[in-house]
Amino acid sequence: MTIHREKNPHPKPEKKERLTNAQINQTQDNVEESIRPHSFDEYIGQQDLKDVLSIVIEAAKTRKEPMDHLLLYGPPGLGKTTISLILASEMGVNCKITAAPALERPRDITGLLVNLKPGDILFIDEIHRLNRLTEELLYPAMEDYRLEITIGKGQATRTRSIPLPKFTLVGATTKVGALTSPLRDRFGLIQRLKFYEPEELALIIQRTAKLLNTSITESGSLEIGRRSRGTPRIANRLLRRVRDYIQVKKFDTITQELAADALDIYQVDPQGLDWTDRLILDTMITQFDGGPVGLEAIAAATGEDAKTIEEVYEPYLLQIGYVNRTPRGRVVTTAAYQHLGKTGEEQLSIFNDQ
Ligand code: ADE
């Protein structure tokens, strides 16, 4: 299986220059690439999804047809790209990876489609962000494997229909509700990725530690797993931070105590909340009396981007029951007050001082 990444945004570094952010991301990508599981046997967690996909793969292979188009949704970092790559590997085809923001002009998507080989998988990340023209080109491509292009303007407008190889579109999104229904309806399979249990994350951490040649105890992996917000990407990132810590402190094995010490330093608390999570909860309590409060108001008061709060921070706070969504806005729950050691008496100090 070959992985094609469209529009490499990471040019080769020039000698002796400091790494740019893009290059640091490339390094991160390479690390992520090297620890990715390559088959469903190696892939830990998401058992329901694996069961569904195993049947779909076997049926498609028996019929010698490409798999139905698949839409994967769920919070970031849960493995949507990895699953797409595994599907390609199990089907014995190529996977072309792109993301909606890279498909600005009609020729971006047409270029990709006409270069597909029969059976290939086209993975489009953040598919809810496709523009209308690109999305409309995808409809006949998905439904009839045809590219319908319009040439010329005004009275001279003509349409051409170009046959495409049969392919599978795998779309990924953190916001399934933001997809238009014509696009959503063209996916034969719509599957949600769930947050992982701490025990599953512990197994992922043990697997990654082995690949990184790092020794870790079972309870050490569980300590990191519990603090990883149900997300493998975060688990693997925290593992690398804890590995740095034991290396500097000259220990050779990650134990539960060392993992906890290291993650305390990185301000990741025993529930996996980081500084921003605590800022969001604290702001909701002290400035908005625990809510109900709107997303934009939380964003303005914390200085965080509203979309980031909604797509990155809030899903986990909802999952662990620290925040609830009501028709009148977000509210902080008693569990969150307890976790932060707050009583509910806290308000803006200007009110308390009077
Ligand atoms: N690395 C990241 N996610 C993984 C998973 N689900 N299983 C195994 N290793 C992983």
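Residues numbered from 1 in each chain as written. Predicted model: local features only at pLDDT ≥ 70, side-chain atom pairs only at ≥ 80, totals over all residues. Heavy atoms only, no water.

1. Side note on the site of the ligand
- Near the ligand you find Pro 37, Glu 42, Tyr 43, Ile 44, Tyr 196, Ile 204, Arg 207, Pro 232 and Asn 236, and these make up its full shell.
- At 2.8 Å, a backbone N or O of Ile 44 approaches a nitrogen atom of the ligand.
- In this structure, Arg 207 approaches the ligand through a side-chain N or O atom, which is 3.3 Å from a nitrogen atom.
- Expressed as a share of its isolated accessible area of 260 Å², the protein-covered part of the ligand is 93%.
- At the level of elements, helix 7 (198-211) and helix 9 (232-248) are the ones that each hand at least two residues to the shell around the ligand.
- Considered class by class, the residues forming the shell around the ligand number 6 nonpolar, 1 polar and 2 charged. (Near = heavy atom within 4 Å. Polar contact = N/O pair within 3.5 Å; in protein donor to acceptor, adjacent residues only side chain to side chain. Areas by Shrake-Rupley, 256 points an atom, 1.4 Å probe, with all protein chains shown as cover. Helix = DSSP H or I, 4+ residues; strand = E, 2+ residues; numbered from the N terminus. Nonpolar A, V, L, I, M, F, W, Y, C, P; charged D, E, K, R; others polar.)

2. Notes on the pairing of strand 8 (residues 189-192)
- A one-sided burial pattern is seen for strand 8, the buried positions being Leu 189 and Gln 191 and the unburied ones Ile 190 and Arg 192.
- When strand 2 (residues 70-73) meets strand 8, the two strands line up parallel, connected through 4 bridges. By the bridge assignment for strand 8, Leu 72 is matched with Gln 191. (Buried < 20%, exposed > 50% of the residue type's maximum accessible area, 1.4 Å probe, protein only. Pairing = 2+ DSSP bridges.)

3. Points about the packing of helix 7 against helix 9
- Running from amino to carboxyl end, helix 7 crosses helix 9 at an angle of 50°, the nearest separation of the two axes being 10 Å. Classed by the angle they form, the pair helix 7 and helix 9 counts as oblique. Here helix 7 runs over helix 9; the crossing is right-handed. Of the residues in helix 9, those touching helix 7 at Leu 201, Ile 204, Ile 205, Thr 208 and Ala 209 are Pro 232, Ala 235, Asn 236 and Leu 239.
- For the contact of helix 7 with helix 9, the class distribution of residues is 7 nonpolar, 2 polar and no charged. (Axes fitted to C-alpha atoms, helices over the stretch in contact; angles between N-to-C directions. Parallel < 35°, antiparallel > 145°, perpendicular 65-115°, else oblique. Left-handed = near helix turned anticlockwise from the far one by under 90°. Contact = heavy atoms within 4.5 Å.)

4. Structural notes on the pattern of salt bridges
- Inspection of every chain in the model, using the stated rule, returns 20 salt bridges.
- The residue Arg 105 makes a salt bridge to Asp 108 at a minimum N-O spacing of 2.7 Å.
- Two residues, Arg 227 and Glu 223, come together in a salt bridge whose shortest N-O distance is 3.0 Å.
- What makes Arg 227 buried here is its relative accessible area of 3%.
- Linked by salt bridges that have partners in common, Lys 175, Glu 310, Glu 311, Glu 314, Arg 325 and Arg 330 make up one network. (Salt bridge = Lys/Arg side-chain N within 4 Å of Asp/Glu carboxyl O.)

5. What to know about the packing of aromatic side chains
- Counted by the stated rule, this structure contains 2 aromatic pairs.
- A centroid spacing of 5.8 Å and a plane angle of 75° characterise the contact between Tyr 145 and Phe 167, whose relative ring orientation is edge-to-face. Within this pair, whereas Tyr 145 is found in the loop between helix 5 (132-144) and strand 5 (146-151), its partner Phe 167 is found in the loop between strand 6 (158-163) and strand 7 (168-173), the two being separated by 22 residues in sequence.
- Note that Arg 186 overlies the ring of Tyr 139, its terminal NZ or CZ placed 4.3 Å from the centroid. (Phe/Tyr/Trp six-rings, centres within 6.5 Å; stacked < 30°, edge-to-face > 60°. Lys NZ or Arg CZ within 6 Å of the ring centre and 35° of its normal.)

6. Re the nonpolar core
- In terms of nonpolar packing, the biggest core is built from 68 residues, with Met 67, Ile 83, Leu 87 and Ile 224 touching the most fellow members.
- Considering every element that reaches this core, the biggest residue donor is helix 9, with 7 residues.
- Excluding anything up to four places from it in sequence, Met 67 contacts Val 56, Ile 57, Ala 60, Leu 87, Met 91, Phe 167, Thr 168 and Leu 189.
- In terms of nonpolar packing, the next biggest core, distinct from the first, is built from 24 residues, Ile 109, Leu 116, Tyr 145 and Leu 147 among them. (Core = buried A, V, L, I, M, F, W, Y, C linked by side-chain atoms within 4.5 Å.)

7. Description of unusual backbone geometry
- The step from Gly 291 to Pro 292 runs through a cis peptide bond, and the omega angle for that step is 5°.
- With respect to the helices, strands and loops of the structure, Pro 292 is situated in the loop between helix 11 (275-288) and helix 12 (295-302).
- With a phi close to 65°, Lys 250 is a non-glycine residue in the positive phi region.
- Relative to the assigned elements, Lys 250 resides in the loop between helix 9 and strand 10 (253-254).
- Positive phi, close to 60°, is recorded for Asp 289, a residue that is not glycine.

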